There are 2 protein chains.
Amino acid sequence: MDAAESKNLPVVGMIGAGQLARMTHQAAIALGQSLRVLAADPGDPAALVCADVRPGAAVDLAALRAFSRGCSAVTFDHEGVPQENLRALVADGVAVHPEPGALLHAQDKLVMRRRLVELGIAVPPFAEVLEPGDVAAFLAEHGPSVLKAVRGGYDGRGVWMLDEPDAPLVAQLLAAGTPLMIEQRVAMRRELAALVARSPFGQASAWPVVETVQADGQCVQVLAPAPGLPEERAVQAQQLALRIAAELGVTGLLAVELFETDSGAVVVNELAMRPHNSGHWTIEGARTSQFEQHLRAVLDYPLGATTPTAPAVVMANVLGAAVPPVMGVDERMHHLFARFPDVKVHLYGKAERPARKVGHVTALGTDMAEVRVRAALAAEWLSTGEWSDGWSAHAGMREEANV
Amino acid sequence: MDAAESKNLPVVGMIGAGQLARMTHQAAIALGQSLRVLAADPGDPAALVCADVRPGAAVDLAALRAFSRGCSAVTFDHEGVPQENLRALVADGVAVHPEPGALLHAQDKLVMRRRLVELGIAVPPFAEVLEPGDVAAFLAEHGPSVLKAVRGGYDGRGVWMLDEPDAPLVAQLLAAGTPLMIEQRVAMRRELAALVARSPFGQASAWPVVETVQADGQCVQVLAPAPGLPEERAVQAQQLALRIAAELGVTGLLAVELFETDSGAVVVNELAMRPHNSGHWTIEGARTSQFEQHLRAVLDYPLGATTPTAPAVVMANVLGAAVPPVMGVDERMHHLFARFPDVKVHLYGKAERPARKVGHVTALGTDMAEVRVRAALAAEWLSTGEWSDGWSAHAGMREEANV
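Residue positions are given per chain, counting from 1 as you read along its sequence in written order. Just so you know, chain letters begin at A and ligand numbers begin at 1, following the order they were written in. With pLDDT at 70 or above as the cut-off, local features in this predicted model cover only qualifying residues; side-chain atom pairs require 80 or more to be listed or tallied, and sums for whole chains, interfaces and linings still use all residues.

Caption draft 1: Structural detail: the relation of the copies chain A and chain B. In screw terms, the move from chain A to chain B is a rotation of 180 degrees and a rise of 0.0 Å along the axis, fitting with an RMSD of 0.0 Å. The operation mapping one copy onto its partner corresponds to a two-fold rotation axis. Rotation axis and chain A: the residue whose C-alpha lies nearest the axis is alanine 51 of chain A, separated from it by 2.3 Å. Two residues qualify as being in contact provided that their C-beta atoms, derived from the backbone, are within 7 Å of each other. Looking at the interface residues of chain A, 100% of them are also at the interface in chain B, so both copies use one shared face. To line up the copies, we fit them by least squares on C-alpha atoms, keeping just the residues with pLDDT of at least 70 in both.

Below you can see the structure in the form of structure tokens.
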């Protein structure tokens, strides 16, 4: 074997160069690879740290084609890749994971819900909205609901809470060409997420089910495993996610966002087919991280062990503060490390703007309540430059968010 | 604060782009940074995965100066940086860590030994060799010994075992301009390593003391913690390493390679002032990896927790096989992952050549003997493409190496 052959390891191309691609690159390095990223902007989080950065946007088929040449597999770190472009790549012979027909269920909230209903999987009551009257009719039948853009919403964007029919809003959105759906607001205890991976061969693996703590429509903390979730319910949620992955033909990661209802049942909220915020805890908290697992899955490698490394793991997002801190982020890091030498920090190289995810922290331990306080304090400090001792504002949002 | 300021995180420059720089880049990414590397070759392990790669060699002062401009701290992944170049950078105002006066002790085996003797720290009997007669005299007094190049040797290179004075060899080496020393061959149980970090502020931290298993002059396995080492001895070794770091003014990492003698005492073998092969296990096996810790230390951040994440951790080097395997490395990865879903793999992007370190694997668990077999099997498979079940050849070398 000559030198070149012996180094012959695969090249994964990731469309998008956000923090998910950035962290996937860290995992790729260990596997002897170097992630190729398609970056819309040279300042994107992954573009700042990757060796193989190709400029271009997911909507540009010519750029996608040039990008895909020489890739062993092509995947993405966001859902905003047009179906027609992915189908063109598949027609070119590119190994796209997940394939466009599967991805569609993470791109289109109506397609996803209709498919899950066909499969007999529980989702909240929903309806397509074609005119303002559809909203009024749905509210009359189902009470307080959530209006959602069928495509493109995330982190609270593209979501409107409706107690009364808001005909002007609905008319305005429809006039702007936004496809809409409406869904009953579920009376729930909390939100959960089940993260699984599936390879083209059909091997699948699941991490422990987590609780995702929300505030203002955004995930602020992830608790692994979900505290107090009965083993039987956790296994059910894992099996649900594995079944969805198999039925939809997902390759790579699948995150199933769930509502745990007041009766203790789970219903599906959203799907994502890529590394997901609810899985960042796996970098330190599981034997195989979601980023490594995504690479293994899209390359059809056997999957890695998902065993947790600690009884309690908490990931807390670092969000840009409403009021920019006086102290620079480097100085905040100094103080954070001095106080919590065991908290792991991940910063994404992004400028701070209010509510923008600019990083996350992970704390590990044996007592969930203690670990949670530590993660919340660390994230809030990095965000605001202020210590909020005792039970932090972030952590305290849990109860409010679950109304 | 504007966007640019909020992203204002430090830039560490690492002279050298081998696997140590490659793994340091992974740690830098989490800290919001992007490691800058000086690469002698664009195919170097770190050059393949880093975004900020500057071509150049450590012996080229102009290249070093250009490289250092804009760096918050400059460090290195090997000892081959000329003192005069580092001193010139310091004179320019560059923050070089460790400073050249400290590094000298990792570059020059005689300077190091003389300094440790001054400090009252145990080293094996040694002498400078200026002519072949010095070797004969030393052997007559101390018995079987080791002839060493004073500078530049590693992984069994620059080291010659001598039972009899080999006057032609010594004369030939001296004639070639190789400064030499001789050291008594210590009757020992095994080799240990104590890894510590120290910041400019003077904060220091130590990982558990490990056993380094050698074969053919090269480390093949690292067992963390060193099996059967009494707690009191382990603490002594840690304190020894912390004292050396403080006395020599080391900033960044310090690896102290030790011999455990037949009487159970430890004597110092060699020093390294950078991330070290004996610390690769910390990536998964400790709360803070040696790579993150080195960055924190050279940036004068508070240091991270060194708590182990499992009771038994084994790192095994993947060495190029004497006979190249028929199966390519990608196929070997498939089989490895299928058999050991929980073993973590790190490949360096290097072509395979006999005995060359091309990667490492890490296994974790509770029973050292079981973990060791797993790591040995995995490393040997990746190296040779052959499973050697039961007690592997690598692991079996332990007893032989400790003669």
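Caption draft 2: A look at the environment of aspartate 163 of chain A. Residues and elements named next belong to chain A. Looking at the element boundaries, aspartate 163 is found in the loop between β7 (159-162) and α8 (167-175). For aspartate 163, a count of 10 C-beta atoms within 10 Å gives the class exposed. Sequence separation between aspartate 163 and valine 361 is 198 residues; the distance between their C-alpha atoms is 36 Å. Under the scheme used here, helices are H or I runs from DSSP no shorter than 4 residues and strands are E runs no shorter than 2 residues, and both carry numbers assigned from the N terminus. For every residue, the other C-beta atoms within 10 Å of its own C-beta are counted; 20 or more classify it as buried, 12 or fewer as exposed, and values in between as partly exposed. C-beta atoms are placed from the backbone.

Caption draft 3: Seen up close, the confidence of the model for chain A. All names here are of chain A. Scored from 0 to 100, pLDDT records how confident the predictor is in each individual residue. On average, residues of chain A carry a pLDDT of 93, and 94% of them reach 70 or more. Here residues 1-6 is a poorly scored stretch, pLDDT under 50, and it has seven contacts once near neighbours within four places are set aside; other chains count. Scored below 50 in pLDDT, residues 390-403 makes 27 contacts in the model with residues more than four places away or belonging to other chains. On the interface metric, ipTM, the complex scores 0.94, and its pTM is 0.94.

Caption draft 4: Here's a closer look at the nonpolar core. A set of buried residues qualifies as a nonpolar core if it consists of Ala, Val, Leu, Ile, Met, Phe, Trp, Tyr and Cys joined through C-beta atoms within 7 Å. The biggest cluster of nonpolar side chains holds 233 residues, and the ones touching the most others in it are Ala194 and Ala378 of chain A together with Ala194 and Ala378 of chain B. Not counting chain neighbours up to four residues away, the residues in contact with alanine 378 of chain A comprise Ala316, Leu336, Phe340, Val343, Val361 and Ala363 of chain A.

Caption draft 5: View of the sheet that holds strand β7 (residues 159-162) of chain B. All names here are of chain B. One open sheet accounts for four strands, arranged β5-β8-β6-β7; its pairing is antiparallel. Each edge of the open sheet carries a strand with a single partner, namely β5 (126-129) and β7. Within this sheet the neighbouring strands show an average axis-to-axis angle of 25 degrees, counted without direction. We treat two strands as partners when DSSP finds at least two bridges between them. With four bridges joining them, β5 and strand β8 (residues 180-184) adopt antiparallel strand pairing. Each residue of the ladder has a partner; that of alanine 127, found in β8, is isoleucine 182. The strands touched by helix α8 (residues 167-175) within the sheet are β5, β6 (145-149), β7 and β8, with β8 carrying the most contacts at an inclination of about 140 degrees. The angle between two axes is taken between their N-to-C directions and runs from 0 to 180 degrees, where each axis is a line fitted to C-alpha atoms and a helix contributes only its stretch in contact.

Caption draft 6: Structural context of the interface of chain A and chain B. The interface of chain A with chain B comprises 45 residues on the first partner and 45 residues on the second. Sorting elements by how many residues they give to the side of chain A that touches chain B places helix α12 (residues 329-339) of chain A first, with six residues. Of the residues that constitute the side of chain A that touches chain B, the class distribution is 24 nonpolar, 13 polar and eight charged. Three classes are used: nonpolar for Ala, Val, Leu, Ile, Met, Phe, Trp, Tyr, Cys and Pro, charged for Asp, Glu, Lys and Arg, and polar for all others, with Gly counted as polar.

Caption draft 7: Structural view of the pairing of strand β15 (residues 312-319) of chain B. Residues and elements named next belong to chain B. Counted residue by residue, β15 has eight buried out of eight residues, so it is predominantly covered. Covered by surrounding structure in β15 are Ala312, Val314, Ala316 and Val318 together with Val313, Met315, Asn317 and Leu319, the residues of both alternating faces. For strand β12 (residues 218-224) and β15, the ladder comprises four bridges, and the chain directions are antiparallel. Considered in β15, the bridge of leucine 223 is made with valine 314.

Caption draft 8: Region of the structure containing helix α9 (residues 231-248) of chain B. Residues and elements named next belong to chain B. Here α9 contains 18 residues, and its C-alpha end-to-end distance of 26 Å stays within 8% of the 26 Å for a straight helix at 1.5 Å per residue. Taken as a whole, α9 has its buried residues at Ala237, Gln238, Leu240, Ala241, Leu242, Ile244, Ala245 and Leu248. On its buried side, α9 packs onto α5 (100-107), β9 (188-198), β10 (204-206), β13 (252-261) and β14 (266-272). One or two steps after α9, the chain reaches glycine 249, where phi turns positive at roughly 70 degrees. For a helix, the expected span equals 1.5 Å multiplied by the number of residues minus one.

Caption draft 9: Here's a closer look at the packing of α12 of chain A against helix α13 (residues 368-384) of chain A. All names here are of chain A. Interaxial distance between α12 and α13 falls to 9 Å at its minimum, and their mutual angle equals 160 degrees. Taken together, α12 and α13 sit at an angle that is classed as roughly antiparallel. Note that α12 runs across α13; the crossing there is right-handed. Residues Arg332, His335 and Leu336 of α12 pack against Ala378, Trp381 and Leu382 of α13. When its residues are assigned to classes, the contact of α12 with α13 shows four nonpolar, one polar and one charged. Here the word oblique covers every angle except those under 35 degrees (roughly parallel), over 145 (roughly antiparallel) and from 65 to 115 (roughly perpendicular). Here a crossing is called left-handed whenever its near helix is offset anticlockwise from the far helix by less than a right angle, and right-handed whenever the offset is clockwise.

Caption draft 10: Focus on the domain arrangement of chain A. Residues and elements named next belong to chain A. Each domain's limits were defined by an automated method or a database of domain assignments. As far as domains go, chain A holds domain 1 (3-96), domain 2 (125-184), domain 3 (187-309) and domain 4 (311-403). The C-alpha-based centres of domain 1 and domain 3 are spaced at 23 Å. Counting residues at the interface gives 14 residues for domain 1 and 10 residues for domain 3. At the level of elements, α2 (19-30) and β4 (73-76) are the ones that each hand at least two residues to the side of domain 1 that touches domain 3.

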